[in-house]
Amino acid sequence: MSPMDIVTVTDLSKRYGDFKAVNGVSFSIQRGEIFGFLGPNGAGKTTTINMMVGLARPSGGSVVIDGIDAVKSVKQAQSIMGIVPDESNLYAEMDGFDNLCFCGSLYGMRKTAREKRAKELLEQFDLIKAGKRPFKAYSKGMRRKLTIAAAMIHTPKILFLDEPTTGIDVESARQIRQLLLKLKESGTTIFITTHYIEEAERICDRIAF
C-alpha cells in the first residue's frame, strides 16, 4: 500500500452460488481524490461498494482502508467512512436538522458538537430554509443533498456514494457535483459509483471501469 493510498482493494470477489457478481477486482484510491467506479447497471458496482463499506461480506479478496482491514474490522473502518446509499436511509417524519443530529448521535458525537455540525452542514449544503421541514416534504434533489450531509456529520476521511445523481433533476445533479468538488477541496477522499461517463469525466481525478 502506497503512502499516497487511503484504500487498497485486492482480488475482491463475491459469489452467489455459481453466479459471480464481482470477480477479482483490484484497485487503489489516493488520499484526497475523487475516484470514479463506472459500469452499466448490473455490472457489480453496488455489490463492490457494499463489500468495501461492510454491508456485504466478500467471498474472497481484501479491502484495506487507511491501514484498517475493512473485512475483519468492519466497525473500526466504518468509523472513518461516510456512506451514501443509492436509496436514502433518513427518517421521513423528522426534519433535516433532527435527522443530522440523530446521525451524529450514532457516531457518538456530543449534543453540542452534533448540533453545531448540523447547522454548518445545512448552510454548506444550502438547506437552511429546509432544516425545519420534514424530510418527506423534500424534493428528490434535496433528499439526496441531506443524505450526503448526514454521511458527513462526523467529518469522515472518505465518502462512499452509490449513484448519487440517478433519478434527480439536472440542476440538483449539478449542485451535488459542485458539493463533491468542495468536499474534495476540504481534504475528503470520495469514491463514487456511476453509469454516467460524462459525470465521471467532470469531477473524477481517476476512473476505473
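Our subject is the structure that appears above.
This one's a predicted model, so the numbers in the text were calculated from it and none came from an experiment.

(A) Structural view of a nonpolar patch on the surface. Residues Tyr-91, Phe-102, Leu-106 and Tyr-107 make up a contiguous nonpolar surface patch of roughly 420 Å² in combined accessible area. Mapping Tyr-107 onto the fold places it in the loop between α3 (96-106) and α4 (111-124). The class of Tyr-107 is partly exposed, set by a relative accessible area of 37%.

(B) Focus on the environment of Phe-102. Here Phe-102 shows up in helix α3. Residue classification places Phe-102 among the partly exposed residues on the basis of a relative accessible area of 33%. In the structure, Phe-102 is positioned 13 residues away from Asn-89 in sequence and 12 Å away in space, judged by C-alpha atoms. Contact partners of Phe-102, with chain neighbours within four places excluded, come to Tyr-91 and Met-94.

(C) Structural view of the packing of aromatic side chains. Across all of its chains, the model carries eight aromatic pairs by this definition. Their ring planes at 15° and their centres at 5.3 Å tell us that Phe-27 and Phe-35 sit as a pair that is stacked. Assigned by exposure class, Phe-27 and Phe-35 land together as buried. Judged by centre distance (5.5 Å) and plane angle (55°), the ring pair of Phe-135 and Tyr-138 falls under tilted. Classification of Phe-135 as buried rests on a relative accessible area of 4%. Through a chain of ring-to-ring contacts, the aromatic side chains of Phe-27, Phe-35, Phe-37, Phe-160 and Phe-191 assemble into a single cluster. The ring of Phe-135 is capped by Arg-143, whose NZ or CZ atom sits 5.7 Å from the centre of that ring.

So, how was this worked out
- Residues numbered from 1 in each chain as written.
- Predicted model: local features only at pLDDT ≥ 70, side-chain atom pairs only at ≥ 80, totals over all residues.
- Heavy atoms only, no water.
- Patch = residues over 30% accessible without salt bridge, like charges linked within 9 Å, V, L, I, M, F, W, Y side chains within 5 Å.
- Areas by Shrake-Rupley, 256 points an atom, 1.4 Å probe, with all protein chains shown as cover.
- Salt bridge = Lys/Arg side-chain N within 4 Å of Asp/Glu carboxyl O.
- Helix = DSSP H or I, 4+ residues; strand = E, 2+ residues; numbered from the N terminus.
- Buried < 20%, exposed > 50% of the residue type's maximum accessible area, 1.4 Å probe, protein only.
- Contact = heavy atoms within 4.5 Å.
- Phe/Tyr/Trp six-rings, centres within 6.5 Å; stacked < 30°, edge-to-face > 60°.
- Lys NZ or Arg CZ within 6 Å of the ring centre and 35° of its normal.

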